[in-house]
Amino acid sequence: MTKQNLQGRKKATGINQKVDLKSSFLKIFQRSQPYKKQWLLAILFTLSATVLSLITPTKLSELTNMITDGIKFGMNFPAVSRAALILISLYGISWLFHVAQSWLMAAVTQRFSQDLRQQIMKKINCLPMAYFHKTVIGDTLSRMTNDVDTLGQSLSQVVSMLANSILMLIGSLVFMLLASPVMAAVVVAIGLLSALLTSQITKKSQPYFISQQKDLGALNGYMEEIYTGHIIVKAFHQEDESTKTFERLNQNLIRDGFYSQSLSVIMVSISSFISNLSYVAVCVVGGILTYSGFISIGTIIAFLAYITYFTQPISFLSQVLQIMQSAAAAGDRIFAFLEETELTKEHGNSIALSEPSGQVTFEHITFGYHEGTPVIQDFSAQIEPGQKIAIVGPTGAGKTTLVNLLMRFYDIDDGSIRLDDVDIRECSREQVHNYFSMVLQNTWLFKGTLRENLVFNTSGITDRELDDVIKAVGLDYFVGTLSNGYDTMLDSSANLSQGQCQQIAIARAMLEKRPMLILDEATSSVDTRTEIMIQSAMDKLMEGRTSFVIAHRLSTIQNADCILVLKDGNIVESGTHEELLKKNGFYAELYLSQFEQQAS
């Protein structure tokens, strides 16, 4: 892959684009509204645990003073035991609140992640075909998996850590001021130094967290692309080049991951150092104050605990900032996908054709994938019910585009396409799709049984019907060799050839028995004998039904009722095979060139 292509991939996956953290978190908050009660309950548990933790140092100070006074004046064991029991109870109840909060947060974030995945899946079904033509598939998958997981895990930590840290910071400061304003001033001064250093490092680390998440999307997209086309990669000896591209993408991820994690470690190290510095300061200042009689030893013990409660939130806040950056980067990618432009909304009063005859009319249609660059210009044709229409022409002539428009995968820019005198834009997309069976050149089989792949979205199919269709497409011998017949799982162990996959796809279309059929190079991967068998079966099936056949091998469409010859988005010729040959025009030129190639 060239440097320009690599830059194009980065642009497609959003790398090097800035993330609006405020906007991302606002969207996260809006999306999490259904769970606000659970969030609030989890925060309540966190605050309750934090309050109890803040009380424990004062109780520890009281217990310490009881013991030191007891050494001098005699031990009051019942009072000491009671104080110790209260302290242990506070620790225990605080632990229970932490457990409840952790359990609740885990449940809520998993549900939140589940809902996001559902929204992404629903969004995929609402996107226009143009989105899939311009987007790397692996990057979309990365948003559904890696980004959703990152966001869910981040929220699980951020909510509790943020609430705990803020209350702990304020609470410990209040208790320290009440215990000793002098020592509190020392600890706060050191804490401010830690906060200043942490904020500076955070500014440096933020771009790396954003890039890290996007680098991961680019890497996943490339891996998916290379894995899908690994045969082509090997055939063209591009293993070394693809490995180098992968190494570049991987190196980007390693670099951004290294800097983001390294800066995070530095933040944690600074916080740890500041915390230790605070201990030293409190011991020195506290010792002087104790010697002077201003405070007791118990106050120093309490302060040592409060130092942890004061400095730990600063450390936690630095971690929260790090996690929030990852969450914002992941959330931005997720919400950018969810905000992609969807298919235009259908109006409620769509027309449904109960029994479409198969009459299709193209009236002066014009269409282009990009504004100002038409692919089809002023195209008109009248297709009668039951006709077999072949669409031929050189690459880029608009053959597949015409089918995409017929199926309403795209809407035309001008003109109209009519089924039985009804503009297909007056019908819902689902209704239009239900009028057609479609077999593409690139077949798609999912992991499931042969039966499930054959009856895909078609109910009430009997084994007898399956037998008839399988025999018609020439797969009866193959099915007979399968250990579980129609219940055999189609996976790598099934060892299907491309031709067999295409035969299964054709059988699937035959079982649907729709009034119209679209074949886009449907027999391109089968041998001549199988092709003849399938053509014969399809001819019988399509009696009385309208069919559109896109073909490059012109020998396969000689019996078509009408051949539309496309060139540069226009019909340049139309007629039967014999009529077009007599014209000695563009079709005859295409046919003779193929005939000469076969003869040679």
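Small disclaimer: the values here were computed from a predicted structure and weren't measured.

Structural notes on the overall build of the protein
Check the secondary structure of the protein and you find 19 helices and 12 strands. Burial statistics for the protein: of 600 residues in total, 45% are counted as buried. For the protein, contacts bridging at least 24 residues in sequence account for 79% of all contacts bridging at least 6. Put simply, the protein shows about 30,800 Å² of open surface, and 59% of that area lies on carbon and sulfur atoms.

With respect to the packing of helix H4 (residues 77-126) against helix H6 (residues 137-179)
Where H4 meets H6, the axes come as close as 9 Å, and the angle between the chain directions of the two elements is 150°. Viewed along their axes, H4 and H6 adopt a mutual orientation that is roughly antiparallel. Two packed elements cross with a definite hand, and for H4 against H6 that hand is right-handed. Residue-level inspection shows His98, Gln101, Met105, Thr109, Phe112, Ser113, Leu116, Arg117, Ile120, Met121 and Ile124 of H4 in contact with H6, the latter providing Arg143, Met144, Val148, Asp149, Leu151, Gly152, Leu155, Ser156, Val159, Ser160 and Asn164. Here the contact of H4 with H6 is composed, by residue class, of 11 nonpolar, 8 polar and 3 charged.

Describing the side chain of lysine 399
Here lysine 399 is to be found in helix H11 (residues 399-406). Since its relative accessible area comes to 6%, lysine 399 is described here as buried. With near-sequence residues (within four places) excluded, lysine 399 lies in contact with Ile391, Val392, Gly393, Pro394, Ile550, His552 and Leu566.

Quick notes on the sheet that holds strand E11 (residues 562-567)
Taking strand neighbours across the sheet as the criterion, the 6 strands line up as E6-E9-E10-E3-E11-E12 in an open arrangement whose pairing is mixed. Two strands close off the open sheet at either side, each with one partner strand: strand E6 (436-439) and strand E12 (570-575). Mean inter-strand twist for the sheet, computed between neighbouring axes without regard to direction, equals 15°. Relative to strand E9 (residues 516-520), E6 runs parallel, the two sharing 4 bridges. The residue of E9 that forms the bridge with phenylalanine 436 is methionine 516.

Some points on helix H14 (residues 463-472)
Among the residues of H14, those classed as buried are Leu466, Val469 and Ile470. Buried residues in H14, looked at end-on, bunch into an arc of 100°, giving them a common side. Facing away from the buried side of H14 by over 90 degrees, the exposed positions are Arg464 and Lys471. Within two residues after H14, glycine 474 carries a phi angle of roughly 85°, on the positive side.

Things to note about the sheet that holds strand E1 (residues 360-367)
On the basis of which strands lie adjacent, the open sheet formed by 4 strands has the order E2-E1-E4-E5 and antiparallel pairing. Edge strands, defined here as strands with exactly one partner in the open sheet, are strand E2 (376-383) and strand E5 (422-423). Relative to E2, E1 runs antiparallel, the two sharing 5 bridges. Bridge pairing in E2 places isoleucine 365 opposite phenylalanine 379. Sitting on the sheet, H11 is in contact with E1, E2 and strand E4 (414-419), with an inclination near 115° to E1.

Some remarks on the nonpolar core
Counting 38 residues, the largest nonpolar core has Leu450, Leu454, Ile557, Ile563 and Tyr587 as its most contacted members. Contributions of two or more residues to this core are made by strand E3 (388-392), helix H13 (450-454), H14, helix H15 (476-480), helix H16 (498-512), E9, E11 and helix H19 (586-599). Counting residues per element, this core draws most heavily on H16, at 7 residues. Residues Tyr410, Leu419, Val432 and Ile518 belong to the second largest nonpolar core, which totals 34 residues.

With respect to the confidence of the model for the protein
Per-residue pLDDT for the protein averages 78, and the proportion of residues at 70 or more is 86%. Looking over the protein, one finds the lowest element-wise mean pLDDT in helix H1 (residues 3-13), namely 45, and the highest in E4, namely 90. Here residues 1-17 is a poorly scored stretch, pLDDT under 50, and it has 34 contacts once near neighbours within four places are set aside; other chains count.

Here we look at unusual backbone geometry
A positive phi angle is found at aspartate 378, which is not glycine, with a value near 50°. Relative to the assigned elements, aspartate 378 resides in strand E2. Although it is not a glycine, aspartate 420 adopts a positive phi angle of roughly 50°. Topologically, aspartate 420 is positioned in the loop between E4 and E5. A relative accessible area of 22% places aspartate 420 in the partly exposed class.

Here we look at the packing of H14 against H16
Contact geometry of H14 with H16 gives a least axis separation of 9 Å together with a crossing angle of 130°. One way to sum up the angle between H14 and H16 is to call them oblique. Read as a crossing pair, H14 and H16 show a hand that is right-handed. Where H14 abuts H16, its residues Glu465, Leu466, Val469 and Ala472 lie against Ala507, Met510 and Leu511. Of the residues belonging to the contact of H14 with H16, the class tally is 6 nonpolar, no polar and 1 charged.

Looking at H11
The buried fraction of H11 amounts to 7 of the 8 residues, a majority that puts the element mostly inside the structure. Taken together, the buried positions of H11 are occupied by Lys399, Thr401, Leu402, Val403, Asn404, Leu405 and Leu406. Directly beyond the C-terminal end of H11, a positive phi value near 60° is found at arginine 408.

Focus: the environment of asparagine 434
Along the chain, the position of asparagine 434 falls in helix H12 (residues 429-434). The spatial distance from the C-alpha of asparagine 434 to the C-alpha of methionine 407 is 9.5 Å, given a sequence separation of 27 residues. Beyond its immediate chain neighbours, meaning those up to four positions away, asparagine 434 contacts Arg514 and Pro515.

So, the pattern of salt bridges
Oppositely charged side chains can form a pair if their charged atoms are brought close together. Here the structure, examined in full by the defined rule, presents 13 salt bridges. Note that arginine 418 is salt-bridged to glutamate 363, the shortest N-O span being 3.6 Å. Here glutamate 363 lies in strand E1 and arginine 418 lies in strand E4, a separation of 55 residues in the sequence. Its relative accessible area of 25% is what places arginine 418 among the partly exposed residues. Across the pair arginine 408 and aspartate 411 runs a salt bridge, and its minimum N-O distance is 3.0 Å.

How each quantity is defined
Residues numbered from 1 in each chain as written. Predicted model: local features only at pLDDT ≥ 70, side-chain atom pairs only at ≥ 80, totals over all residues. Heavy atoms only, no water. Helix = DSSP H or I, 4+ residues; strand = E, 2+ residues; numbered from the N terminus. Buried < 20%, exposed > 50% of the residue type's maximum accessible area, 1.4 Å probe, protein only. Contact = heavy atoms within 4.5 Å. Areas by Shrake-Rupley, 256 points an atom, 1.4 Å probe, with all protein chains shown as cover. Axes fitted to C-alpha atoms, helices over the stretch in contact; angles between N-to-C directions. Parallel < 35°, antiparallel > 145°, perpendicular 65-115°, else oblique. Left-handed = near helix turned anticlockwise from the far one by under 90°. Nonpolar A, V, L, I, M, F, W, Y, C, P; charged D, E, K, R; others polar. Pairing = 2+ DSSP bridges. Arc of directions from axis to C-beta. Core = buried A, V, L, I, M, F, W, Y, C linked by side-chain atoms within 4.5 Å. pLDDT = per-residue confidence, 0-100. Salt bridge = Lys/Arg side-chain N within 4 Å of Asp/Glu carboxyl O.

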